[in-house]
Amino acid sequence: MTGTVYKSTGSWYTVKTEDNSFLECRIKGKFRMKGIKSTNPIAVGDIVDYELEETTDVTTGTITNIHERKNYIVRKSVNLSHQMHIIASNIDVVFLLVTINNPPTTTSFIDRFLVTAEAYGIEAVLVFNKIDTFDEATLDEQLYLQYVYSNIGYKCLRVSSTEGKGIEELKAMMKGKVSMFSGHSGVGKSTLVNALEPTLNLKTKKISEQHQQGQHTTTFAEMFDLAFGAQIIDTPGIRGFGIVDMEKQEIGDYFPEFFALKDKCKFNNCLHKEEPHCAVKEALEKDEIAWSRYKSYIQILEGDDENYRSDIYGDDRDASDKTRQS
């Protein structure tokens, strides 16, 4: 029998069966995916085969096989450099919720997430949340970021869960698809899901005033069926986002604006760093590429998985005044 994993708690998996009922399943012994060193062998969104276990009063299942994944998105443990955690699989579109200062989402974090989505072939959309809380300076910051990422080709939405702004546009983008919401703790993922589907009534918590960080309210990834014909995977808040191992030569390919200039570089293996006649660096000097994006690229290239998390983009923004004013 075949079903879809809707929730993973580490030892038990909630599987939606072909008759639309839910069954608690587990795995027997060690279960390893070929070529993947992950902390979790099975993820939300996986299509699995299972057998019924009726040895107790409650019917449960044993997962025997995982179908080949269309895609998956992962984060690397910052502490365990060789381990990664599969956040979810078989995703049509991932929505990264971005907040400007409540809590702050850095461009380094955004860029790392987008690079990961590009690497695994998943469409990514930036959702600027909590727009009802913006003052003039915060609005300016948000519009600047929207300008940067829209120019690259990423879809951007401006949303307020509390005031219902942008909700219908978001629903239209989600209809008929498996979507994933992600972002830091406190960016409003659960509140936004509640705005899309009030009957779910997911738990929410306020931002910690002292640290301007969200408190974890979603402990495990979980998929929900929504009334307007969509499926959403709600995920735990992510504080750090270590990039999964990539060859240095391929990292630039996951920055679309770098990839578009690649053929104009003098060397076809150009790392856009110290090489002469580099089209990316020339575009950077002309402010045709955002400095924050280039800084993120260098951090990823140099394997800096620690310092990026505390880096706010103010200096990079000052360096791009010419672009913003044009």
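Residues numbered from 1 in each chain as written. Predicted model: local features only at pLDDT ≥ 70, side-chain atom pairs only at ≥ 80, totals over all residues. Heavy atoms only, no water.

- If you check an unreviewed UniProt entry, the protein appears there as Small ribosomal subunit biogenesis GTPase RsgA from Flavobacterium limnosediminis JC2902.
- Taken directly from UniProt, the Sequence similarities (unreviewed entry) text for the protein runs: "Belongs to the TRAFAC class YlqF/YawG GTPase family. RsgA subfamily."
- Listed in UniProt under the heading Subunit (unreviewed entry), the comment for the protein reads: "Monomer. Associates with 30S ribosomal subunit, binds 16S rRNA." (UniProt positions renumbered as here; feature names shortened; annotations may be inferred.)

**What to know about the pattern of salt bridges**
Now for step 1: The tally for this structure, following the rule as stated, stands at eleven salt bridges.
Now for step 2: Residue Lys7 pairs with Glu222 through a salt bridge whose shortest N-O separation is 3.8 Å. Note that Lys7 is positioned in strand β1 (residues 2-8) and Glu222 in strand β12 (residues 222-226), a separation of 215 residues in sequence.
Now for step 3: Look at Lys7 and you get partly exposed, because its relative accessible area is 26%.
Now for step 4: For Lys273, the salt bridge goes to Glu302, with nearest N and O atoms at 3.1 Å. Here Glu302 lies in the loop between α8 (291-301) and α9 (314-319) and Lys273 lies in the loop between α6 (256-259) and α7 (279-285), a separation of 29 residues in the sequence.
Now for step 5: On the accessibility criterion, Lys273 (28% relative accessible area) is partly exposed.
Now for step 6: Salt bridges sharing common partners tie together Asp111, Glu257 and Arg293. (Salt bridge = Lys/Arg side-chain N within 4 Å of Asp/Glu carboxyl O. Helix = DSSP H or I, 4+ residues; strand = E, 2+ residues; numbered from the N terminus. Buried < 20%, exposed > 50% of the residue type's maximum accessible area, 1.4 Å probe, protein only.)

**A word on the packing of aromatic side chains**
Now for step 1: Under the defined criterion, the tally for this structure stands at eight aromatic pairs.
Now for step 2: Taking the centre distance of 5.0 Å and the plane angle of 20° together, the rings of Phe255 and Phe258 count as stacked.
Now for step 3: A relative accessible area of 0% means that Phe255 is categorised as buried.
Now for step 4: Aromatic pair Phe255 and Tyr297: ring centres 5.6 Å apart, planes at 85°, arrangement edge-to-face. Placement of the pair is Phe255 in the loop between α5 (248-251) and α6 and Tyr297 in helix α8, with a sequence separation of 42 residues. Like Phe255, the residue Tyr297 is buried in the burial classification.
Now for step 5: Among the aromatic residues, ring-to-ring pairing joins Phe255, Phe258, Tyr294 and Tyr297 into one connected group.
Now for step 6: A cation over an aromatic ring shows up here: Arg69 above the ring of Tyr72, its NZ or CZ 5.7 Å from the ring centre. (Phe/Tyr/Trp six-rings, centres within 6.5 Å; stacked < 30°, edge-to-face > 60°. Lys NZ or Arg CZ within 6 Å of the ring centre and 35° of its normal.)

**Details of helix α4 (residues 189-196)**
Now for step 1: Extensive coverage of α4 is indicated by the burial of six of its eight residues.
Now for step 2: Regarding α4, the residues found buried are Lys189, Ser190, Leu192, Val193, Asn194 and Leu196.
Now for step 3: Close packing links the buried residues of α4 with β8 (93-98), β9 (123-128), α3 (167-174), β11 (178-182) and β13 (230-234). (Contact = heavy atoms within 4.5 Å.)

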